[in-house]
Amino acid sequence: MDILLNFGDALNCLKNGKKVARIGWNGKGLWLELQRPDEFSKMTLPYVYINYPMDAQNTPGARVPWLASQTDLLAEDWMLVG
């Protein structure tokens, strides 16, 4: 069984280079990562992005910036991925 985390723990995991996801998300196989820009990036500050799985019907392999909802912030069903 996976160890469930709150958002604060999940955020710390992201800051430490881990991938996280919520069990309660409708889209299966989604996960978050933290991007720290380098000298080649157009972004200048770190940001969190969501990854769609390669078998997603409309957006296979897509990556887009992500913002937490109030539900995400209060959820305690976060888990480490891979």
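Everything here concerns the structure above.
For the structure given in this document, a descriptive report is provided here. (Residues numbered from 1 in each chain as written. Predicted model: local features only at pLDDT ≥ 70, side-chain atom pairs only at ≥ 80, totals over all residues. Heavy atoms only, no water.)

**Quick look at the packing of aromatic side chains**
Step number 1: Across all of its chains, the model carries five aromatic pairs by this definition.
Step number 2: Taken together, a centroid distance of 5.5 Å and an interplanar angle of 80° make the contact between Trp25 and Trp78 edge-to-face. Note that Trp25 is positioned in the loop between β1 (19–22) and β2 (31–35) and Trp78 in strand β5 (residues 78–81), a separation of 53 residues in sequence. Taken individually, Trp25 and Trp78 each receive the classification buried, so the pair is uniform in this respect.
Step number 3: Seen from their ring centres, Tyr47 and Tyr49 are 6.3 Å apart, and the 50° between their planes marks the pair as tilted.
Step number 4: Residue class for Tyr47 comes out partly exposed when judged on its relative accessible area of 26%.
Step number 5: Grouped by ring-pair contacts, the aromatic residues Phe7, Trp25, Trp66 and Trp78 constitute a single cluster. (Phe/Tyr/Trp six-rings, centres within 6.5 Å; stacked < 30°, edge-to-face > 60°. Helix = DSSP H or I, 4+ residues; strand = E, 2+ residues; numbered from the N terminus. Buried < 20%, exposed > 50% of the residue type's maximum accessible area, 1.4 Å probe, protein only.)

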